[in-house]
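In case you want the letters, here they are:
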Amino acid sequence: MEAASVNLINDLKQILSESQVTENQTVRELHARDESYHAVSLPDIVVFPETAQQVSEVVKLANKYKIPMVPFGLGSSLEGHVIPYNHGITIDFSLMNKILEVRENDFLVKVQPGVTRSQLNKELKKYGLFFSVDPGADATLGGMAATNASGTTSVKYGVMRDQVRDLEVVLADGSIIHTGNLAAKSSSGYHLNGLFVGSEGTLGCFTELTLRVYGIPEHVMAARASFPTLNHAVEAVVSILQSGVPIARVELVDEPSMKQVNLYSDTSYNEAATLFLEFHGNEAGLKHDVEFTKEIVAEHNCYDIEFETDNAARNRLWEARHNLAYAYIHGNPGKKLMVTDVCLPISELSGAIHHAREAVDLLGLTGGIVGHVGDGNYHVLLMIDNNNQEEIKRAEQLNEQIVLYALERKGTCTGEHGVGVGKQKYQEKEHGNSLFVMEKIKLALDPDNLLNPNKILMLERV
């Protein structure tokens, strides 16, 4: 890199302005990490393009000098996706943050990758619309597509892959393609949207996204239900789903996590296994859904359920859930958050959560269990001391136990956080011979392995 550095910098400044190219140490440090516990690594250069054409020219230069590239949104990822372990160029998309078009009659919106979820929803509200995917963090939409993010609303509206109608992508050679169209369905050609969503910047850089949006529900109601055990809460979720109640969100929070919620959010919720629920619909329909849900949870020993229709109270409830990670961080100064992430068939979820709770306690770790249990996805929030190698080892042991339990039951090692480097070692066990197909696709599109190298796949093994 040193030999080519001066020439590369000069060439970059020919296609970008002086302010769009930097070797500043502080800026490089900001792009050397994400929200995970994974080790930091600095890029050599950070660039801030404003157009797809500028991204294309940057990629062409990286090819000329054989320099690795890492696309970067806000750095809110949790498995080391944006950490440039091969150094090179970090492409920061924060200046590409325009909402380009709202097609309200088609329920579609076209955005640049640096637009955040809250920014988009603020604009959509003017049209009576909203974007459904809610991972908790105010991530960029480009980053959310790169990791196939989901979150609290996926039980009703689906995950990020379900919302993407078209992507503009800069490929490894600098060429620009579109992966879809504006139609609601198509039987034409390979499903490139499905290929690129979740590719974590290893196949191309997203420069524009066309996304599906929804009408804001006429009525929204939230609820908080307390249970004597985690098993009772999970079994209640299964019964709610089997009953056909059109639940919009259903989140599990265990007893230790509810204690953290109360400490951090200054609330006085029951410190027990709890479901946070939300219902969307019209007034008459919601009344029926609420009464039916009350009957169902009572059958599973729910001893307290409270409903919130007031907007402020609902927001307070969901803020408490979304701020849980920060509640753990605040309550454990000096420690770093590590989040596990697996997804299983719903029928296996109760056993998986029971297994995880036992493993946390047996290993003597500090942590709680939360999950988007309506789609079989759950997390263990662990607080670990990065200076304590023995504690890190126990945390990694726990993560491995949880992942292997899920894989043995035909689940996945990651439900929504993505692979990055953290889940890389489980790819062969999960995918078998399909992994070699993925490797061939990667090599066909990026033969020099310059796009976010050695994330998801470790090509040295080929």
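Small disclaimer: the values here were computed from a predicted structure and weren't measured.

(A) Summary view of the overall build of the protein. On a plain count of helices and strands, the protein comes out with 17 helices and 19 strands. Taking 2.2 N^0.38 as the reference for a compact globule, 462 residues should give roughly 23 Å; the C-alpha atoms of the protein span a radius of gyration of 22 Å, in line with that estimate. Among the 462 residues that make up the protein, the fraction classed as buried is 55%. Accessible surface for the protein amounts to roughly 19600 Å². Of this, 49% is attributable to carbon and sulfur atoms.

(B) Here's a closer look at a nonpolar patch on the surface. A surface patch of nonpolar side chains, about 270 Å² in accessible area, is lined by Tyr264, Tyr326 and Ile329. With respect to the helices and strands, the residue Tyr264 is situated in helix α10 (residues 255-265). Residue classification places Tyr264 among the partly exposed residues on the basis of a relative accessible area of 35%.

(C) Fine view of the nonpolar core. Core analysis: the biggest nonpolar cluster contains 51 residues, and Leu275, Leu277, Ile353, Tyr378, Val380 and Leu398 have the highest contact counts within it. Listing elements by their share of this core, those giving two or more residues are β12 (219-227), α9 (230-243), β13 (247-253), β14 (273-281), α11 (283-299), α14 (346-362), β19 (377-384) and α15 (389-408). Top element by residues in this core is α15. It accounts for 8 residues. With residues up to four places along the chain from it excluded, the contact list for Leu275 reads Ala223, Arg224, Ala225, Phe227, Ala233, Ala236, Val237, Val250, Glu251, Leu252 and Val373. Residues Leu141, Met144, Ala146 and Leu171 belong to the second largest nonpolar core, which totals 27 residues.

(D) Quick look at the UniProt feature "domain: FAD-binding PCMH-type" (unreviewed entry) in the protein. Per the UniProt annotation, the sites labelled "domain: FAD-binding PCMH-type" (unreviewed entry) are residues 39-216. Along residues 39-216 the backbone is 23% helical and 24% strand, and the end-to-end C-alpha distance reaches 41 Å.

(E) Expanded view of the sheet that holds strand β9 (residues 176-178). Ordered by their spatial adjacency, 5 strands build an open sheet running β5-β6-β10-β8-β9, and the pairing between neighbours is antiparallel. What marks the edges here is a single partner per strand, and that holds for β5 (99-103) and β9. The mean inter-strand angle of the sheet, taken between neighbouring strand axes irrespective of direction, is 10°. Packed on one face of the sheet, helix α4 (residues 117-124) meets β5 and β6 (108-111) and runs near 45° to β5.

(F) Up close: the layout of surface pockets. Of the volumes computed, that of the largest pocket is approximately 1000 Å³. Lining the largest pocket we find 49 residues, and of these Ser76, Ser77, Leu78, Ala137 and Ala139 sit closest to its centre. At the level of secondary structure, the elements contributing two or more residues to the lining of the largest pocket comprise β3 (69-72), α5 (141-146), β10 (205-212), α12 (311-322), α13 (324-331), β16 (336-339), β18 (366-372) and β19. In terms of residue count, the dominant contributor to the lining of the largest pocket is α5 (4 residues). A per-class count over the lining of the largest pocket returns 22 nonpolar, 21 polar and 6 charged. Its boundaries defined by the atoms lining it, the second largest pocket holds a volume of some 870 Å³. If you go around the second largest pocket, you meet 25 residues; those closest to its centre are Asn121, Phe130, Arg249, Arg314 and Asn315. When residues of the lining of the second largest pocket are traced back to their parent elements, those giving at least two are α4, β7 (129-130), β14 and α12. Examining the composition of the lining of the second largest pocket, we find that 6 residues originate from one element, α12, more than from any other.

(G) Spotlight on the sheet that holds β3. Taken together, the 4 strands give an open sheet; going across it, the order is β1-β2-β4-β3, and neighbouring strands pair in mixed fashion. In the strand order of this sheet, the two ends are held by β1 (21-22) and β3, each with one partner. Here helix α3 (residues 52-65) sits on the sheet and contacts β2 (45-47), β3 and β4 (89-92); the angle it forms with β4, its principal contact strand, is near 175°.

(H) Summary view of the side chain of Thr274. Here Thr274 lies in strand β14. For Thr274, a relative accessible area of 1% translates into the label buried. A polar atom in the side chain of Thr274 sits 2.7 Å from the backbone oxygen of Ala272. Other than its neighbours up to four places away in sequence, Thr274 contacts Arg224, Ala225, Ser226, Glu251, Leu252, Val253 and Met258.

(I) Representation of the packing of aromatic side chains within the structure. Following the criterion strictly, the structure yields 6 aromatic pairs and no others. Between the aromatic rings of Phe130 and Tyr214, the centroid separation amounts to 6.1 Å while the plane-to-plane angle is 45°, which identifies the pairing as tilted. Here Phe130, found in strand β7, pairs with Tyr214, found in strand β11 (residues 214-215); they are 84 residues apart in sequence, far enough to count as distant. For the residue pair Phe130 and Tyr214, the accessibility class agrees, reading buried in each case. Between the aromatic rings of Phe276 and Trp318, the centroid separation amounts to 6.0 Å while the plane-to-plane angle is 65°, which identifies the pairing as edge-to-face. Remark: Trp318 occurs in helix α12 and Phe276 occurs in strand β14; sequence separation between them is 42 residues. Its relative accessible area of 0% is what places Phe276 among the buried residues. The ring of Tyr157 carries Lys156 above its face, with NZ or CZ at 5.6 Å from the centroid.

So, how was this worked out
- Residues numbered from 1 in each chain as written.
- Predicted model: local features only at pLDDT ≥ 70, side-chain atom pairs only at ≥ 80, totals over all residues.
- Heavy atoms only, no water.
- Helix = DSSP H or I, 4+ residues; strand = E, 2+ residues; numbered from the N terminus.
- Rg over C-alpha atoms; globule rule 2.2 N^0.38 Å.
- Buried < 20%, exposed > 50% of the residue type's maximum accessible area, 1.4 Å probe, protein only.
- Areas by Shrake-Rupley, 256 points an atom, 1.4 Å probe, with all protein chains shown as cover.
- Patch = residues over 30% accessible without salt bridge, like charges linked within 9 Å, V, L, I, M, F, W, Y side chains within 5 Å.
- Salt bridge = Lys/Arg side-chain N within 4 Å of Asp/Glu carboxyl O.
- Core = buried A, V, L, I, M, F, W, Y, C linked by side-chain atoms within 4.5 Å.
- Contact = heavy atoms within 4.5 Å.
- UniProt positions renumbered as here; feature names shortened; annotations may be inferred.
- Pairing = 2+ DSSP bridges.
- Axes fitted to C-alpha atoms, helices over the stretch in contact; angles between N-to-C directions.
- 1 Å grid on protein atoms, 1.4 Å probe; cavity = no way out; pocket = protein on both sides within 12 Å on 5 of 7 lines; lining within 4 Å.
- Points joined across faces, edges and corners; volume = space filled by probe spheres on them.
- Nonpolar A, V, L, I, M, F, W, Y, C, P; charged D, E, K, R; others polar.
- Polar contact = N/O pair within 3.5 Å; in protein donor to acceptor, adjacent residues only side chain to side chain.
- Phe/Tyr/Trp six-rings, centres within 6.5 Å; stacked < 30°, edge-to-face > 60°.
- Lys NZ or Arg CZ within 6 Å of the ring centre and 35° of its normal.

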